[in-house]
Amino acid sequence: MTTEQTTSPATGSADRAQAGRTVSPTPVELRAVEKRYGEGERSVTALRGVTLSFESGTMTAVMGPSGSGKSTLLHCAAGIERPTRGNVLIDGVELGALDEHALTVLRRERIGFVFQSFNLVSALTAAQNVELPLRLAGRRAGPGEVAAALRRFGLGDRAGHRPGELSGGQQQRVALARAVITQPAVLFADEPTGALDTHTSQGVLRLLRQLVDEHGQSIIMVTHDPAAASYADRVVLLADGRPVSELHGHEGPEAIAARMAALETSATGSATPPQPASGPIDEGREAVRS
Ligand SMILES: Nc1ncnc2c1ncn2[C@@H]1O[C@H](COP(=O)(O)OP(=O)(O)OP(=O)(O)O)[C@@H](O)[C@H]1O
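Residues numbered from 1 in each chain as written. Predicted model: local features only at pLDDT ≥ 70, side-chain atom pairs only at ≥ 80, totals over all residues. Heavy atoms only, no water.

A. Seen up close, the overall build of the protein chain. Check the secondary structure of the protein chain and you find 10 helices and 10 strands. Among the 290 residues that make up the protein chain, the fraction classed as buried is 50%. Partitioning the intrachain contacts of the protein chain with sequence separation of at least 6 by distance along the chain shows that 70% fall at a separation of at least 24. Summed over all atoms, the accessible surface of the protein chain reaches about 12800 Å², with 48% contributed by carbon and sulfur. (Helix = DSSP H or I, 4+ residues; strand = E, 2+ residues; numbered from the N terminus. Buried < 20%, exposed > 50% of the residue type's maximum accessible area, 1.4 Å probe, protein only. Contact = heavy atoms within 4.5 Å. Areas by Shrake-Rupley, 256 points an atom, 1.4 Å probe, with all protein chains shown as cover.)

Okay, structure coming up:
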């Protein structure tokens, strides 16, 4: 693993280094990643040689027209799908070299995921949902660890509530607490505000930003929403399975929307992205993608 300790760009990196966890300067790297679905005439090439790296302690938004490959990129980067060609590295570890078990362990320990549809386990309380990734890894939460995680996301008084008793914004905050309880190298967010109203979305986006600025979390977020992308340090625009341009430095939603509009005009095809799992308790494993 080619990791090194660093104290920048945010204090959280220092926190984690002090806690004994190394912080890679490049937590996620894609090298010439291609992804093809199916074979022969009916095959679809979703990613066409994508080379991208993502810096530690930054938030990147991935945007592009429908069918441009955003979800596929996220799923390949997170080790949920295997590329047809090319390499993905998480914390310097090449995913293609890992067998299914090792990949599962790496996903569980080093990757957090939040989805548009929250993917909480409906039969479990907020606290049990947050603790789930630790339990699946065969660990118990430290004393007060789950309560502290819930408080951090403004849910200190909701620990015993089940998802059905929580608002959409509260459910997404439980999902965020669950995604970062393992201190992942990277947090992937797939349309995290897609099911929320504007006001609630802003609350969730501010929390994501706070994770980056105060805790050094690296975040990669797919979104259709220029307002959501404006919270990112960097916006990568995809078209037809390739990155075609980038915006840097907290561009306003109008500038991002204008770039998207230009891309939309040259978009090809449309997509039905893979649907995330949802369901009863034993889908908890799937819900945290471990
Ligand atoms: N499981 C699959 N089997 C076959 N084709 C797929 C599969 N998943 C995605 N595709 C195809 O790959 C291409 C990229 O899909 P992807 O879902 O990554 O795009 P997207 O940019 O996330 O789209 P959207 O914005 O509509 O969610 C599309 O042409 C899509 O039809």
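Following the structure, the description resumes.
B. Representation of the sheet that holds strand 5 (residues 93-94) in the model. Strand order in the open sheet made by the 4 strands is 2-1-4-5, with antiparallel pairing throughout. Both outer strands of the open sheet, strand 2 (44-54) and strand 5, are each paired with one neighbouring strand and no more. (Pairing = 2+ DSSP bridges.)

C. Layout of the site of the ligand. Around the ligand, the surrounding shell holds 14 residues, and the nearest of these are Ser 66, Lys 70, Ser 71, Thr 72 and His 224. Residue Gly 69 places a main-chain N or O atom 3.0 Å away from an oxygen atom belonging to the ligand. Interatomic distance of 2.9 Å between a backbone N/O atom of Ser 71 and an oxygen atom of the ligand. Contact with the protein chains covers 76% of the free accessible surface of the ligand, which is 630 Å². (Near = heavy atom within 4 Å. Polar contact = N/O pair within 3.5 Å; in protein donor to acceptor, adjacent residues only side chain to side chain.)

D. Region of the structure containing the environment of Leu 74. Relative to the elements of secondary structure, Leu 74 occurs in helix 2 (residues 70-77). Placed 39 residues apart in sequence, Leu 74 and Phe 113 show a C-alpha to C-alpha distance of 9.9 Å. Ignoring any residue separated from it by four or fewer positions in sequence, one finds Leu 74 in contact with Phe 113, Phe 188, Ala 189, Asp 190, Ile 220 and Val 222.

E. Spatial organisation of the pairing of strand 6 (residues 111-115). In terms of burial, strand 6 is a largely internal element, 5 of the 5 residues being buried. Two elements, strand 6 and strand 7 (residues 186-190), share 5 bridges in a ladder whose sense is parallel. Looking at the pairing, Val 114 lines up with Ala 189 of strand 7.

F. Representation of the packing of aromatic side chains within the structure. The final tally for this structure, using the stated rule, is 2 aromatic pairs. Judged by centre distance (4.7 Å) and plane angle (10 degrees), the rings of Phe 113 and Phe 115 are stacked. An aromatic cluster of three or more residues is present, and its members are Phe 113, Phe 115 and Phe 188. (Phe/Tyr/Trp six-rings, centres within 6.5 Å; stacked < 30°, edge-to-face > 60°.)

G. Layout of the packing of helix 4 (residues 126-136) against helix 6 (residues 168-180). Close contact between helix 4 and helix 6 brings their axes to 7 Å; oriented N to C, the two are set at 30 degrees. By the angle class used here, helix 4 and helix 6 are roughly parallel. In the packing of helix 4 onto helix 6, the handedness of the crossing is right-handed. Between helix 4 and helix 6, the contacting residues are Ala 126, Asn 129, Val 130 and Pro 133 on the first element and Val 174, Ala 177 and Arg 178 on the second. Along the lines of polarity and charge, the residues of the contact of helix 4 with helix 6 split into 5 nonpolar, 1 polar and 1 charged. (Axes fitted to C-alpha atoms, helices over the stretch in contact; angles between N-to-C directions. Parallel < 35°, antiparallel > 145°, perpendicular 65-115°, else oblique. Left-handed = near helix turned anticlockwise from the far one by under 90°. Nonpolar A, V, L, I, M, F, W, Y, C, P; charged D, E, K, R; others polar.)

H. Molecular detail of the sheet that holds strand 10 (residues 242-248). The 6 strands lie next to each other as 6-7-8-3-9-10, forming an open sheet whose pairing is mixed. On the outer flanks of this sheet lie strand 6 and strand 10, each paired with one strand and no other. Each neighbouring strand pair of the sheet contributes to a mean axis angle of 20 degrees, computed without reference to strand direction. Sheet analysis places strand 3 (residues 59-63) next to strand 8 (residues 219-222), joined by 4 bridges and oriented parallel. When the bridges of strand 8 are listed, Val 62 appears paired with Val 222. Contacts between helix 3 (residues 100-110) and the sheet are confined to strand 6 and strand 7, with strand 6 contributing the most and set at about 75 degrees to the helix.

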